[in-house]
Amino acid sequence: MCGIVGAIARRNIVPILTEGLKRLEYRGYDSAGIAIVDGSIRRVRRVGRVAEMEAAVREENLTGILGIAHTRWATHGGVTEPNAHPHVSSGEIAVVHNGIIENHEEQRARLKSLGYAFESQTDTEVIAHLVHHYFKAGGDLFVATQKTAADLRGAYAIGVVALADPDTIAGARMGCPLVVGLGEGENFLASDVSAIIAETRRVIYLEDGDVVAVRRGGVLLELADGVRD
Ligand code: GLU
């Protein structure tokens, strides 16, 4: 169970995401990846250190104001680049995930019957296709993430972005930590506060069952229990 960092801002967030991942390195991981929404979903993944991913990111001149990044500790599928996160569905949805989806085989069969093709051996890839399936039907990333979370059994913290909604990072948590960081005209999502502490000290700790839409101008939070102090 490793790291997630997401950021939406008015400045280039690629250095924020790579620095965030470096602050989570001590937890151990086997591969790292990043996806930026910038006219298309641009993704760089590498087996090995965050520094190797960072070098590739620099080589490809990856910049942008909305993105998600991940360090993976493989549980389902080997340590390979196609299994590294983010996972992308149809070039339109990108997902990072910490944890284990217990009903991934059942969901994989369902999604295959809906016409989705799988590119990895991970449990995580079902999340990308489920969000795509629901987003296509309703056009709302927050609602699509809520519906996806309702289909999942197991433990997860997820971060999701959509090509068609370049002002949102959706998140959901069940059994794995996830926090929202509040900035000025910029906001963040992370699996641990240490990943975003250089950017803000104002954080919201999500609880199991919470779903969130992190936007540039604010945060929409649907609490699992409807009320909380
Ligand atoms: N179960 C997922 C995978 O194997 C996520 C592992 C993690 O938490 O990094 O890809």
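Every value quoted in this text rests on a predicted model; they were computed, and no experiment measured them.

> Give me unusual backbone geometry: which residues, what numbers.
Of all residues except glycine, most have a negative phi; of all peptide bonds, most are trans. With an omega dihedral of -5°, the bond running from H85 to P86 counts as a cis peptide bond. As for its placement among the helices and strands, P86 is situated in the loop between β4 (66-72) and β5 (87-89). Even without being a glycine, N61 presents a positive backbone phi close to 55°. Tracing the chain through its elements places N61 in the loop between α2 (50-59) and β4. Notably, S90 is not glycine yet its phi reads approximately 55°, a positive angle. Inspection of the secondary structure assignment puts S90 in the loop between β5 and β6 (93-101). Judged by relative accessible area, which is 46%, S90 ranks as partly exposed.

> Account for the side chain of S191, naming residues and giving values.
When you line up the elements, S191 lands in the loop between β10 (187-190) and β11 (203-205). S191 gets classed as buried once you look at its relative accessible area, which sits at 8%. Not counting the four nearest positions on each side in its chain, S191 is found in contact with C2, G3, I4, L24, N98, P177 and L178.

> So, the site of the ligand: which residues are in play, and what are the values?
Taken together, 16 residues lie near the ligand, and R72, T75, H85, G99 and D123 sit nearest. The contact in question runs from a nitrogen atom of the ligand to an N or O atom on the side chain of T75, over 2.7 Å. Measuring from a nitrogen atom of the ligand, one finds a side-chain N or O atom of D123 at 2.8 Å. Its free accessible area being 300 Å², the ligand has 100% of it covered by the protein chains. For the ligand, the cavity whose grid points lie within 2 Å of the majority of its atoms is the largest cavity. Those elements that place two or more of their residues in the shell around the ligand are β4 and β6. For the shell around the ligand, the residue count by class is four nonpolar, ten polar and two charged.

The rules behind each value
- Residues numbered from 1 in each chain as written.
- Predicted model: local features only at pLDDT ≥ 70, side-chain atom pairs only at ≥ 80, totals over all residues.
- Heavy atoms only, no water.
- Helix = DSSP H or I, 4+ residues; strand = E, 2+ residues; numbered from the N terminus.
- Buried < 20%, exposed > 50% of the residue type's maximum accessible area, 1.4 Å probe, protein only.
- Contact = heavy atoms within 4.5 Å.
- Near = heavy atom within 4 Å.
- Polar contact = N/O pair within 3.5 Å; in protein donor to acceptor, adjacent residues only side chain to side chain.
- Areas by Shrake-Rupley, 256 points an atom, 1.4 Å probe, with all protein chains shown as cover.
- 1 Å grid on protein atoms, 1.4 Å probe; cavity = no way out; pocket = protein on both sides within 12 Å on 5 of 7 lines; lining within 4 Å.
- Sits in = over half its atoms within 2 Å of the grid points.
- Nonpolar A, V, L, I, M, F, W, Y, C, P; charged D, E, K, R; others polar.

Remember, this is a structural readout, not a statement about activity or role.
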